[in-house]
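Residue-level listing of the chains:
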Amino acid sequence: MFNTGANLFTAGDFISHAGLPLKWKIECDAIRSEEWDCLAQMIMEYQKISFRWVEGIPRGGVSLATALKKYIDPNADDIGLVVDDVWTTGTSFKDYIKENHPDKLHNQIHRWVIFARRPTNDGVKALFTMPG
């Protein structure tokens, strides 16, 4: 819940987490706390399977995970939710799950992002997807 006064969209030359050159970026630090809550509510309109835990991929997914914690169901099966703010290649998700949940089956972790710079794969769902 940063809100640094930054713009949500910024043109320029950037390098993605996966090392790709980008001509613009989505700066989710510009999203206010109440907006994270609204984004979490939007996800929950589509996330039909309950989850017992939620984690945000540092650094971008932490604010979203915090907003989603109120939707945790302590009686749910051992199913989790891993979230991030922006999807570019999926490297962050693959690395995070491999490092933090190597023993979990694919269907034991639901995956969500707010913005996808291209169509997602590996079961990651996005609220907003740029044209492919």
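Before reading on, note that the structure itself is shown above.
Right, let's walk through the structure included here.

Basis of the calculations
Residues numbered from 1 in each chain as written. Predicted model: local features only at pLDDT ≥ 70, side-chain atom pairs only at ≥ 80, totals over all residues. Heavy atoms only, no water. Helix = DSSP H or I, 4+ residues; strand = E, 2+ residues; numbered from the N terminus. Rg over C-alpha atoms; globule rule 2.2 N^0.38 Å. Contact = heavy atoms within 4.5 Å. Areas by Shrake-Rupley, 256 points an atom, 1.4 Å probe, with all protein chains shown as cover. Lys, Arg positive; Asp, Glu negative; His and termini not counted. Charge placed at Lys NZ, Arg CZ, Asp CG, Glu CD. Pairing = 2+ DSSP bridges. Axes fitted to C-alpha atoms, helices over the stretch in contact; angles between N-to-C directions. Disulfide = S-S within 2.5 Å. Buried < 20%, exposed > 50% of the residue type's maximum accessible area, 1.4 Å probe, protein only. Arc of directions from axis to C-beta. Phe/Tyr/Trp six-rings, centres within 6.5 Å; stacked < 30°, edge-to-face > 60°. Lys NZ or Arg CZ within 6 Å of the ring centre and 35° of its normal.

### Some thoughts on the overall build of the protein chain
A count of helices and strands for the protein chain gives 3 helices and 6 strands. Helices (α) and strands (β) of the protein chain occur, in sequence order from the N terminus, as β-β-α-β-α-β-α-β-β. Computed over C-alpha atoms, the radius of gyration of the protein chain comes to 14 Å, within 12% of the 14 Å expected from 2.2 N^0.38 for 132 residues, which places it in the range of a compact globule. Dimensions of the protein chain, computed from C-alpha atoms along their principal axes, come out at roughly 45 × 30 × 25 Å. Long-range pairs, those at least 24 residues apart, make up 60% of the contacts in the protein chain with a sequence separation of at least 6. Counting only carbon and sulfur atoms, one obtains 52% of the accessible surface of the protein chain, whose full area is about 7,400 Å². Mean positive and mean negative side-chain charge positions of the protein chain (15 and 17 charges, respectively) differ by 4 Å.

### Quick word on the sheet that holds strand 6 (residues 124-129)
Strand order in the open sheet made by the 4 strands is 3-4-5-6, with parallel pairing throughout. Only two strands of the sheet have a single partner each, and these edge strands are strand 3 (53-56) and strand 6. On average, each strand axis in the sheet is tilted by 20° relative to the strand beside it, whichever way the strands run. As paired strands, strand 3 and strand 4 (residues 80-87) are joined by 4 bridges and run parallel to one another. The residue bridging G56 from the neighbouring strand is V83, located in strand 4.

### Here's the deal with the state of the cysteines
Considering all chains together, one arrives at 0 disulfides under this definition. Distance from the sulfur of C28, which forms no disulfide, to the nearest cysteine sulfur (C38) is 14 Å.

### Comments concerning the pairing of strand 2 (residues 21-26)
Bridge count between strand 1 (residues 9-15) and strand 2: 5 bridges; the pairing is antiparallel. Bridge pairing in strand 2 links I15 to P21. Counting the residues between successive antiparallel strands, the hairpin from strand 1 to strand 2 contains 5 residues, one of them, G19, with a positive phi of roughly 90°.

### Notes on helix 3 (residues 91-100)
Buried within helix 3 we find S92, F93, Y96 and I97. Along the long axis of helix 3, the arc covered by the buried residues comes to 115°, so they all point the same way. Residues of helix 3 that are exposed and point more than 90 degrees away from the buried face comprise K98 and E99. Contacts from the buried residues of helix 3 go to strand 3, strand 4, strand 5 (109-116) and strand 6.

### Focus: the packing of aromatic side chains
Considering all chains together, one arrives at 3 aromatic pairs under this definition. Here the aromatic rings of F9 and F115 are separated by 6.1 Å at their centres, their planes lie at 75°, and the arrangement is edge-to-face. Here F9, found in strand 1, pairs with F115, found in strand 5; they are 106 residues apart in sequence, far enough to count as distant. Given the relative accessible area of 9%, F115 is considered buried. Seen from their ring centres, W87 and F93 are 6.0 Å apart, and the 45° between their planes marks the pair as tilted. Under the relative-accessibility criterion, W87 is labelled buried at 3%. When the ring centre of W24 is taken as reference, the NZ or CZ atom of R117 above it lies at 3.7 Å.

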